[in-house]
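The lines below spell out each chain.
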Amino acid sequence: MSEFVEIVMRGASLEIVFNRAGKKNAITGGMYSAMADALFAAEAQPEVVSVIFSGHGAGFCSGNDLQDFLSTPMTEKAPVLAFLKAISTTSKVMIAAVQGPCVGIGATLLLHCDHVVAAPSASLSFNFVKIALVPEAGSSLLLPRAVGRLKAAELLLLGEPVAADEALRLGLVSRVVGEGEQLAAARAFADKLEALPPKALMATRRLLNGSSRTVEARMAEEVGVFDQQLRSPEFKEAVAAFMQKRAPDFKK
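Residues numbered from 1 in each chain as written. Predicted model: local features only at pLDDT ≥ 70, side-chain atom pairs only at ≥ 80, totals over all residues. Heavy atoms only, no water.

## Some thoughts on the environment of A86
- Looking at where A86 falls in the secondary structure, it is placed in helix α3 (residues 79-89).
- Ignoring sequence-local partners within four residues, the contact set of A86 consists of A36, L39 and F40. (Helix = DSSP H or I, 4+ residues; strand = E, 2+ residues; numbered from the N terminus. Contact = heavy atoms within 4.5 Å.)

## A few points about a nonpolar patch on the surface
- Nonpolar side chains collect at one region of the surface, where V129, L157 and L158 lie side by side and expose about 280 Å² of accessible area between them.
- By the element assignment, L157 lies in helix α6 (residues 149-158). (Patch = residues over 30% accessible without salt bridge, like charges linked within 9 Å, V, L, I, M, F, W, Y side chains within 5 Å. Areas by Shrake-Rupley, 256 points an atom, 1.4 Å probe, with all protein chains shown as cover. Salt bridge = Lys/Arg side-chain N within 4 Å of Asp/Glu carboxyl O.)

## Considering unusual backbone geometry
- The backbone of A132 sits at a positive phi, close to 65°, despite the residue not being glycine.
- For A132, the position within the fold is in the loop between β7 (123-125) and α5 (139-147).
- Of note, A137 is a non-glycine position whose phi angle comes to about 60°, a positive value.
- Relative to the helices and strands, A137 is located in the loop between β7 and α5.

## Description of the side chain of K92
- With respect to the helices and strands, the residue K92 is situated in the loop between α3 and β4 (93-98).
- When residues no more than four places from it in sequence are discounted, the contact partners of K92 are A42, E43, Q45, P46, V48, V49, S50, V51, D114, M202 and R205.

## Digging into the pairing of strand β1 (residues 5-10)
- By the bridge criterion, six bridges tie β1 to strand β2 (residues 13-18) in an arrangement that is antiparallel. Each bridged residue has a counterpart across the sheet, and for R10 the counterpart in β2 is S13.
- Where β1 hands over to β2, the hairpin turn is made up of two residues, of which G11 adopts a positive phi near 60°. (Pairing = 2+ DSSP bridges.)

## Some details on the sheet that holds strand β5 (residues 101-103)
- On the basis of which strands lie adjacent, the open sheet formed by three strands has the order β5-β7-β8 and mixed pairing. Strands at the two margins of the open sheet, each flanked by one partner only, are β5 and β8 (162-163).
- As defined by bridge partners, β7 adjoins β8 across two bridges and the pair is classed as antiparallel. Each bridged residue has a counterpart across the sheet, and for L124 the counterpart in β8 is V162.

Keep in mind that these numbers describe shape and distance, not what the molecule does.
The structure is reproduced here in structure tokens:
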């Protein structure tokens, strides 16, 4: 387990809470491992109906911890790949309660959720190109499905933040509630699920998501290109510029 992830059961819900507010809930390899282990364990527990993701502090999740991510080789056993497999294959209803920045994996994770409750402060950023990387978590497939190819191209190519109200209009979040009310609203939704017949619930979710193998195939394709970009000069420049708090120069 990771000290930066809180994993607790509340009724029939497994709650996964990002607990690294001092680093804007940036995700480390240890956090990925803890979350993947919890999700795989929950899969074997029929009493678990839903999973709720939330985060402490002003923001939901700022994406990967770049320094930690660079120190973890992108092998078949990489913790991030275990987490991606877990969220793309789970039968549990996935819910998110978000506030503030949802960046990178903090945004693409939401594409795998069945219900997303946002505070007015929430914003989604698919900012991979800005740091010389490519979309992950199946987002190059799931985002066009959600908002259409042209809007998805705009969001993925430019990586500009999408405010809560716009995310609601596009169908990227289910509801916008008052600031600080997002977790209570997510829990209320989970409580309603608990009263429903579980087999019918899981079957309906499976039908809604279609063939998971299609998403898995796209994830595998993304990982290959992502790994190439991790080793590219332009990604090294993007990281150096980020650490030095300067604008990157991709033309040198």
